[in-house]
Structure formats: structure tokens, C-alpha cells
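Spelled out, the chains give:
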Amino acid sequence: MSGRGKLIAVVGDEDTVTGFLLGGVGELDKHRKPNFLVVEKETSLAEIEETFRAPWPLPGRQGHSWVSQVPPTFTRCFPSLSRSFLNREDIGIILISQCLAELIRHAVEAHHRPIPAILEIPSKEHPYDPTKDSVLRRARGLFTPDDLR
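Here is what the cut-offs are and how they apply
- Within any chain, residue numbers begin from 1 and follow the written order of that chain's sequence.
- Local features in a predicted model are, by the rule used here, given only for residues with pLDDT of at least 70; side-chain atom pairs are given and counted only at 80 or more, and totals for whole chains, interfaces and linings are based on all residues.
- The basis for the side-chain values is all heavy atoms of the structure; hydrogens and waters are excluded.
- When a residue's accessible area, from a 1.4 Å probe over protein chains only, is under 20% of the maximum for its type it is buried; when over 50% it is exposed; and in between it is partly exposed.
- Numbering of helices and strands runs from the N terminus, with a helix taken as a DSSP run of H or I at least four residues long and a strand as a DSSP run of E at least two residues long.
- Throughout, the arc means the angular range of directions from the helix axis out to the C-beta atoms.
- For our purposes a nonpolar core is just a set of buried Ala, Val, Leu, Ile, Met, Phe, Trp, Tyr and Cys residues, chained together by side-chain atoms within 4.5 Å.
- Contacts are residue-level and defined by heavy atoms, with any inter-residue pair within 4.5 Å sufficient.
- For salt bridges, the criterion is a side-chain nitrogen of Lys or Arg within 4 Å of an Asp or Glu carboxyl oxygen.

### Description of helix 2 (residues 45-52)
Step number 1: Of the positions making up helix 2, those classed as buried are Ile 48, Glu 49, Thr 51 and Phe 52. Angularly, the buried residues of helix 2 cover 160 degrees about the axis, an arc narrow enough to put them on a single face.

Structure representation (C-alpha cells):
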């Protein structure tokens, strides 16, 4: 990724993802993996979570120093790892519909790294609820009410 910026990944319903794709967000990585997931009625909860994150911590990341780099054969044996937005080096921001973030709240709450940043967005069917947004809850803990006056 030298000299290039990071991508924005999108997880949402068809209308939400299509809007971002029309805005130029869509891209395929060198392994032909898209940076978006259209969630339909048939999409399983496991597929949403698998696309969002790997089913276990990726070696060499988040305090696992026993492997400095994942060999290509590892991701070929476990293709879900290369699909995971949290484990892709080319993704800087993950936009996820808040209603979908609620379904995988445990995975969203478990992410503590600054990059990729996770932003919960409203969808056509579900308005934004600030009380459910994990990033906003963390940010509120950083300030006292006097700081915001």
C-alpha cells in the first residue's frame, strides 16, 4: 500500500451499498475480494460476521507476535481471513448499517484499534440511534459535560 490511501468498506442493505458504490467507493483487491457486502434476506449472520472479522484473532496482529506475517498458504486454506474487513491492510474505514452492527455487536465492541475505524450509519429502513453507537459511547467517556460547553 505504499503511496496509496486506504479504502472505505461498506456493509449494508442493497440501497445503502449501491449509493456508496455509485459514489465511487467500490473496489476489488489484488485477490479480487470486494470492499463491500450487500446484506439480503438470504445472507446469514455468520457470513456478515465473517466478512466483518475473522472467526479468531489473526496471527501477528493485536498482540499475537508469534507470527510476523501470515503466509499466502494460510489465507488460501482459510479464505474467510482474506475476506475479513478488519484484517485487510488496505481498508481504513468500515461503514456498517447500525441495524447490522447490532446483529454482530460483540464483534464491533471487540475491535479496539484505531484503523480501520468503524462507523455505524443509518439505513433506509432503520434510522440512526445514537444510544446504540459504540464509537459515540466511547467518545462520550472521554469528555465531561463541561468540556462540551
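Next, the rest of the story.
### Focus on the nonpolar core
Step number 1: Counting 18 residues, the largest nonpolar core has Val 11, Ile 48, Phe 52, Ile 94, Ile 96 and Ile 104 as its most contacted members.
Step number 2: Within the residue set of this core, elements represented by two or more residues are strand 1 (7-12), helix 2, strand 3 (91-97), helix 5 (98-103) and helix 6 (105-110).
Step number 3: In this view, Phe 52 contacts Ser 84, Phe 85, Leu 86, Ile 94, Ile 96, Ile 104, Ala 107, Val 108 and Ile 118; residues no more than four positions away in its chain are not counted.
Step number 4: Listed in part, the 5 residues of the second largest apolar core include Val 17, Val 25, Leu 95 and Ile 121.

### Digging into the pattern of salt bridges
Step number 1: As enumerated under the stated definition, the model contains 5 salt bridges in all.
Step number 2: Residues Lys 124 and Asp 15 are paired through a salt bridge, measuring 3.1 Å at the closest nitrogen-oxygen approach. Of this pair, Lys 124 sits in the loop between strand 4 (117-121) and helix 7 (134-140) while Asp 15 is found in helix 1 (residues 14-22), placing the two residues 109 residues apart along the sequence.
Step number 3: Here Lys 124 falls in the exposed class, since its relative accessible area comes to 64%.
Step number 4: The exposure class assigned to Asp 15 is partly exposed, which follows from its relative accessible area of 45%.
Step number 5: Salt-bridge contacts for Arg 88 lead to Asp 90; the nearest nitrogen and oxygen are separated by 2.8 Å.

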